[in-house]
Amino acid sequence: MEPGLMVTLTTEKPVAGGWMLARHDGAIVFVAGALPGEIVEARIRRVQKGTAWADVVAIRQASPDRAGAYAPCGGNVLAHASYDAQLRMKAAIIDDAFRRVGRCPLPALPEMVPSPVRGYRMRARLHVQDGRVGFFREQTHELCAVTDTGQLSPGAEAVVEALQAHGATLRQAGASVIELSENREGNERALHVVLRPGGDGAALAAVAGLEGVTGLSWSVDGSPRVAVLAGQVEVHESVVHGAQQWTLARNVRSFFQGNRFLLDALVQHVCGQLHRGGVADLYAGVGLFSVAATALGHVPVVAVESDPVAGHDLRANGREWRGLLQTKVTPVEDYLRGQRALSVATVIVDPPRTGLSRQVLGQLVDRKVARVVYVSCDVATLARDARHWLDAGYRLADVRAFDLFPQTAHIETVAVFDWSA
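Reading the values: rules and limits
- Residues numbered from 1 in each chain as written.
- Predicted model: local features only at pLDDT ≥ 70, side-chain atom pairs only at ≥ 80, totals over all residues.
- Heavy atoms only, no water.
- Buried < 20%, exposed > 50% of the residue type's maximum accessible area, 1.4 Å probe, protein only.
- Helix = DSSP H or I, 4+ residues; strand = E, 2+ residues; numbered from the N terminus.
- Contact = heavy atoms within 4.5 Å.
- Phe/Tyr/Trp six-rings, centres within 6.5 Å; stacked < 30°, edge-to-face > 60°.

1. Some thoughts on helix H4 (residues 263–272)
Looking at H4, one finds that the buried residues are Leu263, Leu266, Val267, His269, Val270 and Cys271. Elements in contact with the buried residues of H4: strand E15 (234–241), helix H5 (288–295), strand E20 (346–349), strand E21 (371–376), strand E22 (394–402) and strand E23 (412–419).

Dropping the structure here:
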């Protein structure tokens, strides 16, 4: 096989990233734009070490789960499948990863918690090219229309359209990326504009007063300096759990779980897995889980976050709970290195896509904490790390998935490990 070759393929099953696995002359081909069981005409995109990647050109025999044409804007690589089929495929991908990567077959397909597919997204990274604003089409740097994806709220879509109308201003300022963050109600919405080197932040004054924007900041790519041009660049999230209620503030640049519809379900599930006896929340972000754990009485709680922006929010969100919630803005590796023991019953880990480092895995296993609640945005690294926990004497107690990014290949999975040796 070579790039450009047209082949007829019968797809077998979904794999991570939204690809469908097929075979041609004994070689594995990962196909974009297909669904399991379809017969397609595909063009080979690239070949590496005997494995090929291909794009669908025509559908010879369509799956009954097909809901439309393949249009992968903003990561929507599964939007051509019915939503029920998307959930089944994601459950199958988790099952496959635990079986192949983790070498620990699950007793059954994991439960998938569904989400409304439109208007779910509270955070977005928008790209700017020659004054045009949009998402990238999958596997390219080609802009595509945000409104075509259905991911953003109507209010956020209106702001994007207004930004499009100020294309000349964005071009003059040298804008390359716009980060958008809003609260669930949509009555607070902040923007942060990243400028190319040599950009002129003062030129953004024309967009600072856009309707629906409550705060605007900017920085030059590669520089730590941030300038606030207008309003408040934090948004505030009210969380209610039974009789308890608390508020989280988060900077537009801070990481935060992005699905407005499943936020409560995710927090309730994670907190429902906590043992009495204290919690360590590692990779705590702005305090989504650690503040919830504190409010619900799982004290004492220590929250550790290395990112200075999210760490600033974490400290602010923890002030109300002083004496019950301790916050540390430092790398997790450094924090664990300084702790001879962890006097907690549960550790929550919510690491980046790369998963836990070998150092963190080793440090946590040495502590033999009774329960580990692992929140993962990448099932392959979760399954890899699961093998480490199991080899160290833990057992896999539960796996559940939350469809925080419907229509995309992203899967949020919560796995629970209990010390059993």
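2. Focus: the packing of aromatic side chains
According to the stated counting rule, one finds five aromatic pairs in the structure shown. Centre to centre, the rings of Tyr394 and Trp419 are 5.1 Å apart; their planes meet at 65 degrees, and the pair counts as edge-to-face. Taken together, the residues Tyr394 in strand E22 and Trp419 in strand E23 connect sequence positions 25 residues apart. With relative accessibility at 4%, the residue Tyr394 sits in the buried group. What makes Trp419 partly exposed here is its relative accessible area of 27%. Pairwise contacts between aromatic rings join Trp389, Tyr394, Phe417 and Trp419 into one cluster.

3. Let's talk about the environment of Val47
Here Val47 lies in strand E5 (residues 39–48). Taking the C-alpha atoms as reference, Val47 lies 30 Å from Ala145; in sequence the two are 98 residues apart. Setting aside anything within four residues of it in sequence, one finds Val47 in contact with Met1, Glu2, Pro3 and Ala52.

4. Quick word on unusual backbone geometry
Across the junction of Val299 and Pro300, the peptide omega takes the value 0 degrees, indicating a cis bond. Mapped onto the elements, Pro300 comes out in the loop between H5 and strand E18 (301–305). Of note, the phi angle at Asp25 is positive, near 50 degrees, even though the residue is not glycine. Along the chain, the position of Asp25 falls in the loop between strand E3 (20–24) and strand E4 (27–32). A positive phi angle, near 50 degrees, is found at Lys368, a position not held by glycine. Tracing the chain through its elements places Lys368 in the loop between helix H8 (358–367) and E21. Overall, Lys368 belongs to the partly exposed group, its relative accessible area being 45%.

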